[in-house]
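One letter stands for each residue in the lines below.
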Amino acid sequence: MSLTTGIVGLPNVGKSTLFNAITKKKILAANYPFATIEPNVGVVVVPDERLDFLNDLYKPASLVPTTFEFTDIAGLVKGAANGEGLGNKFLSHIREVDAIVEVVRCFDDTNIIHVEDVVDPIRDVEIIELELILSDLEIVDNRLNKIGKKATMSKDKEIQKEATLLIKLKESLEKNISIRKMDLTEEEEKIIKTYNLLTGKPIIYMANVSESDLATGTNEYVEKLKEFASKENSKVIVVCAKVEEELSELEDEDKKEFLEALGVAESGLDQLIKASYSLLGLETFFTSGTDEVRAWTFKKGMKAPACAGIIHTDFERGFIKAEIMSFDDLKEQGSEKQVKEAGKMRLEGKEYLMQDGDICYFRFNV
């Protein structure tokens, strides 16, 4: 499973520049609204030092890391949900992503036009939030119109449950309350999953600052954004799109030196990946051998058969056992043989909860 995110923001906030940097794709990043019309999709490798160790140990014919997929859509403006700037079309491109990354301008620059004339991160966030709410409201209304009468006349309890929930969602959205801020039950979350509501998705704010503010990681705009985000338990990552673009052209060693010179611990992309994994409760297990070493992304709390199913549905269907060692044990012992001799290789059954860093060999029969 590849982690997918949709990048949103107003025009001229550094969204496409940031996308260029993190995916190394040279798309149009222009100083005017709607420079990006079609969605741009980019895939980046999730950095994991454990893969480097496994690669050195097994020397496999193939090394496959996990990936992170970004979809960059055109800058949104007021009225986007009603079609301004083709906004509703753009929003449809990110309905199926796991999370939303909102790039927020937190720098002054008279050479770069702000679509609202003055830099104000909170106003910008509220504009985007309203457009996402209106877009979701349209979906909820359409579904309610479709099943409303049927729910009233039918004795089908599932239809009635869905209609009741839709009314609850509609009332919330009409009060400008996002779905992610609602207290929904596990059953309600399951019902609305297929709607792909944008305001139900977790959100991370990327505060785009000037290079001079990157070392301190803050300015008055960033502090306002952090205060706003804290009220909804969202994360703010401070980046400089221009710096990220420069980093994207460098080799790993040069990147480290450049970041150290700027007084920054890690790149915005690495921060974003870590924050996204944490936000979505994602972890990594590995399969390893001389043919292939591969990293696999799974949701925390998944059991061994479900993780086996990420590799192939037959693995889950015919699951027997999982032969597992932890990465830490392998690194400490130095080889699979020594892990076994130390009694740290385990056979786990169907109820085993997978752990981050597990190295697995699945036994199955179909």
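Here, the structure is the one placed above.
This report concerns the structure included in the present document.

Calculation criteria
Residues numbered from 1 in each chain as written. Predicted model: local features only at pLDDT ≥ 70, side-chain atom pairs only at ≥ 80, totals over all residues. Heavy atoms only, no water. Pairing = 2+ DSSP bridges. Helix = DSSP H or I, 4+ residues; strand = E, 2+ residues; numbered from the N terminus. Buried < 20%, exposed > 50% of the residue type's maximum accessible area, 1.4 Å probe, protein only.

## Thoughts on the pairing of strand S9 (residues 292-299)
Part 1 of the argument: Pairing geometry for strand S3 (residues 62-64) and S9, over three bridges, is parallel. Residue pairing for S9: Val-64 is matched across the bridge by Arg-294.
Part 2 of the argument: In terms of strand pairing, strand S8 (residues 282-287) meets S9 through six bridges, oriented antiparallel. Across the sheet, the residue bridging to Thr-284 is Thr-297, located in S9.

## A look at the pairing of strand S5 (residues 99-105)
Part 1 of the argument: For S5, a buried count of seven out of seven residues is recorded, marking the element as mostly surrounded by other parts of the structure.
Part 2 of the argument: Of the two faces of S5, the one lined by Ala-99, Val-101, Val-103 and Arg-105 and the one lined by Ile-100, Glu-102 and Val-104 are each fully buried.
Part 3 of the argument: Where strand S1 (residues 3-8) lies against S5, four bridges are found, and the strand directions are parallel. Looking across to S5, one finds that Ile-7 is bridged to Val-101.
Part 4 of the argument: Judged from the six bridges that link them, S5 and strand S6 (residues 203-208) form a sheet pairing that is parallel. By the bridge assignment for S6, Val-104 is matched with Ala-207.

## So, unusual backbone geometry
Part 1 of the argument: Positive phi, close to 65 degrees, is recorded for Asn-12, a residue that is not glycine.
Part 2 of the argument: Since its relative accessible area comes to 14%, Asn-12 is described here as buried.
Part 3 of the argument: One non-glycine residue, Asn-233, adopts positive backbone phi at about 55 degrees.
Part 4 of the argument: Within the element layout of this structure, Asn-233 appears in the loop between helix H8 (220-230) and strand S7 (235-239).
Part 5 of the argument: The class for Asn-233 is exposed, based on a relative accessible area of 72%.

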